[in-house]
Amino acid sequence: MKNIIYILIATLVIVSSCKNDDEGTIKTFGNVVLDFKNTINSNGIELTTDSYTNGSNEAYIISELKYIISNVVLIKANGEEFTYPVDRSYFLINEEVLESKKVNLSDISAGQYTKIRFGFGVDQSKYPLNGMANFIPTAEESGMLWSWSAGYKFLKFEGTYTANGAASADFLIHVGSHGTTLDNYKEITLELPSTLTIEESKSPEVAINVDIAKIFDGTNTHSLEVKNSIQVDAEFAPKIAENISTMFTATNVSN
Amino acid sequence: MKLLSYIVIILIGTACSSDKDNYVPIENAKLEFTIPSNFPDPTYDIALNPPTEKGFELGKKLFYDGRLASDGVISCGFCHIQDFAFTHHTHIVSHGVGGALGTRNAQPLHNMAFMKEFTWDGAAIHLDLQPIIPITAEVEMNETFNGILKKLEEQPEYVKLFADAFEDQKINSDNMLKAISQFMIMMISANTKYDKIERNEGSVFTAEEAAGFELFKTKCASCHKGTLFTDQSYRNNGLPIDPLYNDIGRKRVTGLTEDIQKFKVPSLRNIELTFPYMHDGRLKTLDDVLNHYSDGMVDSETLDPMLKDQTGALGIPMTAEEKQQIIAFLKTLTDDDFVNDTRFSEF
């Protein structure tokens, strides 16, 4: 009779949890918010009003700033990884839209995480990635598809600039992959400043500072005088992509 | 005790089911995807999107449905007409919504499962992504994915077809593109006279065709290679730039100067039907094409080295008779079964 009770209890647990893994131990899940803070000189960005100066002494005003984040993975101290389901792992960060900068991840396996890895752009080497195409409507509405090509713009960064007191001119920087010849997708791994604890019914946040000035001045220095329009540019787009891979830092974890 | 175990098993069995499992799945048979024996392996990963009866039916319906365009009229099938191996034959460059003119000649759709990249310049690196271009292009269908999905959701037949065709039963862009691909990968054209000869199925070339085939092998097959009649590379075959379009070709995709004016070597299957020719449809007949190769070529930085000899002479020398023989051979690449195959027909 005791046996029966045990079986019944076990069954009830399985029935109610519905998230039994292979070993039969019961896993719990939690959420986290990734808070992308686009900054220049540690201050938030004011689109169309504030003027910034890049390393080439060019003053610029930003009118549009959007980029794609994808393939989020949380990593534990022992190297164990939790891969966020790829079909839900595409996010458009749009400076203009507050909610877009807070990326909500749900159903993450509970535990202690010390690192986070994500992609800048869309990893086309994995085409057809399951569910990847479901990001098309979002990308399309935000102008993140090239109009003549079947690919995503990973970064859309536009505005005006002046150099050496000259009249202001437009700048436009669009970075994506160039067919199969050049992949500007970047994988970025960040050390978290303190351990992130994922637990049921908690909502921790990870603040990620995105230093937008690095688009011009990262590993490489880009002067708008040299090139103010970068679209499918085999020379400059990869340099900008390299710069982008240095612009993210995890600055705070609040559990 | 035994009874209890059964109850337990049943409970566990139903524990993790969600609502959609209550839907009784209809019979959705897998379609046979047969690789012709003289063909290479497909580049499309069939296992990731295996064509099924319902998926194919859905893909075909989408292909012929004007709802994919903003004007409700211009379907994929409007520009890709079966009688002409799915090209837009009466038009030099394609016409889209509101009569808007494109800048390129619609390509034939056949043997898509065997191609690595798509369009004249390789702007789509996967077949599932290709429809993004015509759907969103202002001069083609001028629609948005959200717009289309909304229209489809309002149609009970689509709701049912998506549910029948895909496990998650959802109307979304992933499933829509997969269905269109299922339709297109089934479009295999491999029943030409040439194929029957290559497969030893009893056909024979006429003397003229045989002579043309020999010439073709030495003069054309370096680019129009193998049984697909393309090496799938991008090359400049010496067409003068048309200032009206100033099409930079492959450079638009790669940004590389060395790719300027290069276009994908097209397959020559069904070439008799897919006139006019070249990326902008500038040549009307096969005679024009052969005359281009012998006498019409212009030099440029990116002209393919094969089309220029040591003395700097351009083109492929051919006599009038040789040209006719090559054309006779090219006509053995016409697949009547394919253009008449009702599986692919709108009605």
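Chemist: Looking at this structure, how should I read the overall build of chain B?
Modeler: Across its full length, chain B holds 13 helices and two strands. By its C-alpha atoms, chain B is 95 × 50 × 35 Å across when sized along the principal axes. Out of the 347 residues in chain B, the part that is buried amounts to 55%. Considering only contacts in chain B between residues 6 or more positions apart, those separated by 24 or more positions represent 68%.

Chemist: How do you make sense of the environment of A:Gly55 when you look at a structure like this?
Modeler: With respect to the helices, strands and loops of the structure, A:Gly55 is situated in the loop between strand E3 (51-53) and strand E4 (58-76). A sequence separation of 82 residues divides A:Gly55 from A:Pro137, and the C-alpha atoms of the two residues are 36 Å apart.

Chemist: Teacher, can you tell me more about the packing of aromatic side chains here?
Modeler: Centre distance and the angle of the planes are the two values used to describe a pair of aromatic rings. Residue and element names in this part refer to chain B. Under the defined criterion, the tally for this structure stands at 35 aromatic pairs over all chains. Ring geometry for Phe39 against Phe114: centres 5.1 Å apart, planes inclined by 80 degrees, an arrangement best described as edge-to-face. Pair noted here: Phe39 is in the loop between helix H1 (2-15) and helix H2 (53-63) and Phe114 is in the loop between helix H3 (76-79) and helix H4 (132-136), with a separation of 75 residues, a long-range link. The two residues Phe39 and Phe114 agree in class, both being buried. Ring centres 4.9 Å apart and planes at 20 degrees place the aromatic pair Phe213 and Phe329 in the stacked group. Linking Phe213 in helix H9 (residues 207-219) with Phe329 in helix H12 (residues 320-330), this pair joins segments that are 116 residues apart in sequence. Assessed through its relative accessible area of 0%, Phe329 is described here as buried. The ring of Tyr158 carries the charged tip of Lys61 above its face, separated from the ring centre by 5.1 Å.

Chemist: Would you explain unusual backbone geometry in this entry?
Modeler: The phi torsion of most residues other than glycine is negative, and most of the peptide bonds are trans. Residue and element names in this part refer to chain B. The omega torsion of the bond from Phe275 to Pro276 falls at -5 degrees, within 30 degrees of zero and hence cis. Here Pro276 lies in the loop between strand E2 (263-264) and helix H11 (286-296). For Asn270, which is not glycine, the phi torsion reads 55 degrees and is therefore positive. Structurally, the position occupied by Asn270 is in the loop between E2 and H11.

Chemist: I'm lost on H11(B) in this one. Help?
Modeler: Residues spaced three or four apart along an α-helix face the same direction, because each turn holds 3.6 residues. Every buried residue belonging to H11(B) is among B:Leu286, B:Val289, B:Leu290, B:His292, B:Tyr293 and B:Ser294, and all of these are buried. On its buried face, H11(B) sits against H12 of chain B.

Chemist: Sorry, what's going on with the state of the cysteines here?
Modeler: By definition, a disulfide links two cysteine residues through a covalent bond between their sulfur atoms. Residues and elements named next belong to chain B. Applying the stated criterion across every chain yields a total of zero disulfides over all chains. Take Cys76: it sits in no disulfide, and the sulfur closest to it among the cysteines is that of Cys79, at 8.7 Å. Residue classification places Cys76 among the buried residues on the basis of a relative accessible area of 14%. With no disulfide partner, Cys223 has as its closest neighbouring cysteine sulfur the one in Cys220, 8.9 Å distant.

Chemist: Mind showing me how you'd approach the nonpolar core here?
Modeler: When a protein is soluble and globular, its nonpolar side chains tend to lie buried together. Judged by nonpolar contacts, the single largest core of 127 residues is most densely connected at A:Phe36, A:Tyr152, A:Leu155, A:Phe157 and A:Phe248. Summarising the domain contributions, this core has at least three residues from each of domain 1 (28-189) and domain 2 (193-337) of chain B. The residues contacting A:Phe248, other than those within four sequence positions of it, are A:Phe36, A:Tyr67, A:Ile69, A:Phe118, A:Ile188, A:Leu190, A:Ile208, A:Asn209 and A:Val210. Residues B:Ile271, B:Met318, B:Ile327 and B:Leu333 belong to the second largest nonpolar core, which totals 29 residues.

Chemist: When you look at the side chain of A:Asp35 in this model, what are you seeing that I'm missing?
Modeler: All names here are of chain A. Among the structural elements, Asp35 can be located in strand E1 (residues 29-40). A distance of 2.9 Å separates a polar atom in the side chain of Asp35 from a polar atom in the side chain of Lys37. Apart from residues no more than four positions distant in its own chain, Asp35 is found in contact with Lys101, Lys102, Glu205, Val206, Ala207 and Ile208.

Chemist: Could you clarify how one ought to interpret the domain arrangement of chain B in this entry?
Modeler: Many analyses report the size of an interface as the accessible area lost when the parts associate. Residue and element names in this part refer to chain B. The domain boundaries assigned to chain B delineate domain 1 (28-189) and domain 2 (193-337). One C-alpha centre belongs to domain 1, the other to domain 2; they are set 26 Å apart. Listed per partner, the contact involves 30 residues of domain 1 and 31 residues of domain 2. Carbon and sulfur atoms supply 52% of the area buried between domain 1 and domain 2, which totals about 2,600 Å² over both sides. On the domain 1 side of the contact with domain 2, Asn38, Trp120 and Asp121 bury the most area, a combined 26% of that side's loss. Across the domain 1-domain 2 interface, the total number found is three salt bridges. Residue Arg252 pairs with Asp121 through a salt bridge whose shortest N-O separation is 3.4 Å. On inspection of domain 1 and its partner domain 2, the count reaches 18 residue pairs in polar contact (both at pLDDT 80 or more). Of the residues contributing to the side of domain 1 that touches domain 2, the split by class is 12 nonpolar, 13 polar and five charged.

Chemist: Sorry if this is basic, but what is going on with the pairing of E4(A) here?
Modeler: In summary, the side chains of a regular strand alternate between the two faces of the sheet. All names here are of chain A. Most of E4 sits out of view: 16 of its 19 residues are buried. Sheet topology places E3 next to E4; three bridges connect them, and they run antiparallel. Following the sheet pairing, Ser51 is matched in E4 by Ile61. The hairpin formed by E3 and E4 contains four residues between the paired strands, and Asn57 there has a positive phi angle of roughly 60 degrees.

Chemist: Where do I start with the confidence of the model for chain A in this structure?
Modeler: Any residue range with low pLDDT should be treated as having predicted coordinates unsuitable for detailed reading. With 89% of its residues at a pLDDT of 70 or more, chain A has an overall mean of 88. Across residues 7-23 of chain A, confidence stays below pLDDT 50; counting only partners more than four residues off in sequence or on other chains, it has 17 contacts.

Chemist: I would appreciate a short explanation of the pattern of salt bridges in the present structure.
Modeler: Side chains carrying opposite charge are able to pair once their charged atoms draw close together. In total, this model carries 30 salt bridges over all chains according to the counting rule given. Close ionic contact of A:Lys76 with A:Glu80 constitutes a salt bridge, the shortest N to O distance being 3.3 Å. The shortest N-O distance in the salt bridge between B:Arg282 and B:Asp280 comes to 2.9 Å.

Chemist: Quick question: what am I supposed to make of the environment of A:Ser70 here?
Modeler: Residues and elements named next belong to chain A. Tracing the backbone through its elements, the reader meets Ser70 in strand E4. Once the C-alpha coordinates of Ser70 and Ser142 are considered, the two residues, 72 residues apart in sequence, prove to be 16 Å apart. Once residues within four sequence positions are removed from consideration, Ser70 is found in contact with Ser89, Tyr90, Phe118, Gly119, Gly121, Val122 and Tyr185. A distance of 2.7 Å separates a polar atom in the side chain of Ser70 from the backbone oxygen of Gly121.

Chemist: Looking at this structure, how should I read helix H6 (residues 156-165) of chain B?
Modeler: Taken as a whole, H6(B) has its buried residues at B:Tyr158, B:Leu161, B:Phe162, B:Ala163, B:Asp164 and B:Ala165. As for H6(B), its buried residues are in contact with H2, helix H5 (145-153) and helix H7 (173-185) of chain B.

Chemist: So what exactly am I meant to see when it comes to the packing of H2(B) against H7(B) here?
Modeler: Each pair of packed helices can be described by the angle between their axes along with the distance between the axes. All names here are of chain B. Interhelical geometry of H2 versus H7 gives an angle of 95 degrees and a closest axis separation of 7 Å. Relative to H7, H2 is oriented roughly perpendicular. Every residue of H7 that contacts H2 at Gly55, Phe56, Leu58, Gly59, Lys60, Leu62 and Phe63 is listed here: Met176, Ala179, Ile180, Gln182 and Phe183. Looking at side-chain class alone, the contact of H2 with H7 contains eight nonpolar, three polar and one charged residues.

Thresholds applied
Residues numbered from 1 in each chain as written. Chains lettered and ligands numbered in written order. Predicted model: local features only at pLDDT ≥ 70, side-chain atom pairs only at ≥ 80, totals over all residues. Heavy atoms only, no water. Helix = DSSP H or I, 4+ residues; strand = E, 2+ residues; numbered from the N terminus. Buried < 20%, exposed > 50% of the residue type's maximum accessible area, 1.4 Å probe, protein only. Contact = heavy atoms within 4.5 Å. Phe/Tyr/Trp six-rings, centres within 6.5 Å; stacked < 30°, edge-to-face > 60°. Lys NZ or Arg CZ within 6 Å of the ring centre and 35° of its normal. Disulfide = S-S within 2.5 Å. Core = buried A, V, L, I, M, F, W, Y, C linked by side-chain atoms within 4.5 Å. Domains from an automatic or database assignment. Polar contact = N/O pair within 3.5 Å; in protein donor to acceptor, adjacent residues only side chain to side chain. Buried area = accessible area lost by both parts, 1.4 Å probe. Salt bridge = Lys/Arg side-chain N within 4 Å of Asp/Glu carboxyl O. Nonpolar A, V, L, I, M, F, W, Y, C, P; charged D, E, K, R; others polar. Pairing = 2+ DSSP bridges. pLDDT = per-residue confidence, 0-100. Axes fitted to C-alpha atoms, helices over the stretch in contact; angles between N-to-C directions. Parallel < 35°, antiparallel > 145°, perpendicular 65-115°, else oblique.

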